[in-house]
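Secondary and tertiary structure notes
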Amino acid sequence: MDKIDVTKLTQMSNFEIAALFYKYALTNSRGLRAINVGRGNPNWINTQARLALNRIVEFGMQESLQTISLDDGNLAGYTEKTGIAERFEQFLDAGDSVDGFLKQALRYTQDTMQLNQDELVFEWVDGVIGNHYPEPSRSLVNVEKILNRYLEVNLYRGRHLADQTQVFPTEGGTAAMVYLFNELKVSHILEAGDTIAINTPIFTPYLQIPELNEFKLQEFDVSSDESDDWQLVDQKFEELKDPNVKAFFVVNPTNPTSRAFSDHALEKLKEVVAANPKLVIITDDVYGTFVDNFKTIYSVVPHNTLLVYSFSKLYGATGQRIGLIAMHEDNLFDELIAQMTAEDPVIKEAFRKRYSYVTNKPHEMSFIDRTVADSRNIGLYHAAGLSTPQQIAMTLFSLTNLVYEGQADPYVQASKKIVSGRYKAFWESLGLVTQTSDENAEYYTVFSIYKLAEEKYTKKFRAYLEQNCHHLEFEWRLAADYGVVVMDGAGMGTDVGYLRISLANRPIKDYETVGGRISDLLASYYTEYLQTKA
Ligand SMILES: *Cc1c(COP(=O)(O)O)cnc(C)c1O
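Residues numbered from 1 in each chain as written. Predicted model: local features only at pLDDT ≥ 70, side-chain atom pairs only at ≥ 80, totals over all residues. Heavy atoms only, no water.

In the annotation of an unreviewed UniProt entry, the protein chain is listed under the name Aminotransferase and assigned to Latilactobacillus fuchuensis. We quote the UniProt Sequence similarities (unreviewed entry) comment for the protein chain here in full: "Belongs to the class-I pyridoxal-phosphate-dependent aminotransferase family." (UniProt positions renumbered as here; feature names shortened; annotations may be inferred.)

Here you go:
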């Protein structure tokens, strides 16, 4: 049997390893069809919001031609707000399903949210045309109201925070995270050497970013285990009560383990914040809508929490780059800035100078507005807002959900059904009982090859495998001999031997196949083990 230089692999990032293994998989020794279950990108999309956006573009062109029309209509003018909602209603065909959705969305925004319809339609039309810089910089006015409503309905489980929450739409969750890390540094809320806790296992970049030279934060892992259904045990929350722990970074539901914080864990976190009131919490809730009755940390401890959300996964929109930062208007971050400004004349002067370029009251500039300004190095604050067509796209994705408020949203239900069907198929193909729990998002799943060895064979075989088969060697052979690519769990902070399977991007049949191939590889190690005993 060939070997691979495992030492070399351990120096590479998870994403690099997966890319390399994919190459091996394409030319696997058995000539099997390559199956990559390493990727988290969904293989389904929402069509309604996309088609609705197109209809708004068409209507916008018709409107623009009313004011200027030259070169056979290739050059058009501006749009008029007065009466635009009524003209849009007339433009829409009630018998068409996409137009019908737009009509429903207008009714919802009027009856349930009391939004001025001319203002709203004008914002949509002007937004999709994209002929004005985003104004206000942080978020278009109605976009913010609709995003707030979406977050409240889907993530707060009954708590009303929409009216007190400020939203900054960003280029995906990726930009949201980058802007927040940067702002926590610029505002001196997190300094080099500060201890930050990370809820592991976690999406690898969140382990890497804090270690970078520009941050130099001291990471400390708050880890969960399979034996606790990947929930943090009470002792871990005790560790967070130490005031030396300055921040807590969370992906909830988790990636790779796909678990939402239980109600018990959320209660514990409340206790933590009471004991350590200056704890900064960042929660990335991109998978929240995959769990029934999800409740975000932000709704439990809004004062301390920065919420990141993204439309990438649920709506199949990773290429659009749409996500957001949300935070409470009454928050720890503004308090810490005010306190530093009062106590430290050097910081006070630095803040004054930095923000005086964009405001005549630099000391009153809030954390979220600083985040917006600093995302464009202050100088380009006036052009900092997210592209307006992207802002309107987010609004429309949100409205496909909001029009079902109080009922089940069939798109969300169908999305959950896709991943849970694949989840079940995968576990059954390994010959194991499917583990389910209320907190399980089933978007990814992790399992240990060593544990599998014991469950399918014997404790002794498990010990042999742990001794003689490095987990990366197993993953390499899975690719090179069986054409299957997975993500390594250890690179995300699990114990060695855990593999992550994404349930997002292959048809259900492939998951049945993958489990069979993993079992075959394990069987070949078992044969090898029997030979060593003979
Ligand atoms: C996929 C994913 C996201 C989405 O990021 P975008 O930049 O919005 O595409 C965010 N956080 C985690 C943990 C993810 O796995």
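Another aspect to go through is the site of the ligand. Of all residues adjacent to the ligand, which total 14 residues, the nearest are Thr 174, Asp 284, Ser 310, Lys 313 and Arg 321. Interatomic distance of 2.5 Å between a side-chain N/O atom of Thr 174 and an oxygen atom of the ligand. Here an oxygen atom of the ligand and a side-chain polar atom of Lys 313 are 3.3 Å apart. Out of a free accessible area of 390 Å², the ligand has 92% covered by protein chains. Among the elements that take part in the shell around the ligand, helix α8 (residues 172-186) stands out by supplying 3 residues, more than any other. Its residues assigned to classes, the shell around the ligand comprises 5 nonpolar, 6 polar and 3 charged. (Near = heavy atom within 4 Å. Polar contact = N/O pair within 3.5 Å; in protein donor to acceptor, adjacent residues only side chain to side chain. Areas by Shrake-Rupley, 256 points an atom, 1.4 Å probe, with all protein chains shown as cover. Helix = DSSP H or I, 4+ residues; strand = E, 2+ residues; numbered from the N terminus. Nonpolar A, V, L, I, M, F, W, Y, C, P; charged D, E, K, R; others polar.)

Attention shifts here to the packing of aromatic side chains. If you walk through the whole model with that rule in mind, you get 38 aromatic pairs. When the ring of Phe 59 is compared with that of Phe 91, the centres are 5.2 Å apart and the planes differ by 50°; the resulting orientation is tilted. With a gap of 32 residues between them, Phe 59 in helix α3 (residues 48-64) and Phe 91 in helix α4 (residues 84-91) connect regions that are remote in the sequence. One aromatic cluster in this structure is built from Tyr 150, Tyr 309, Phe 311, Tyr 315, Phe 397 and Tyr 411. Between Lys 185 and the ring centre of Phe 215, over which it is positioned, the NZ or CZ distance is 5.7 Å. Here the guanidinium or amino end of Arg 370 rests over the ring plane of Phe 351, the centre of that ring lying 4.5 Å away. (Phe/Tyr/Trp six-rings, centres within 6.5 Å; stacked < 30°, edge-to-face > 60°. Lys NZ or Arg CZ within 6 Å of the ring centre and 35° of its normal.)

Strand order in this open sheet of 3 strands is β11-β14-β13, and the pairing throughout is antiparallel. Of all strands in the sheet, those bounded by a partner on one side alone are β11 (444-448) and β13 (487-488). In this sheet, strand β14 (residues 498-502) lies alongside β13 in antiparallel orientation, the contact comprising 2 bridges. Bridged to Met 487 within β14 is Arg 500. Helix-sheet contacts for helix α17 (residues 410-429) involve β11 and β14, and the interaxial angle to β11 is about 15°. (Pairing = 2+ DSSP bridges. Contact = heavy atoms within 4.5 Å. Axes fitted to C-alpha atoms, helices over the stretch in contact; angles between N-to-C directions.)

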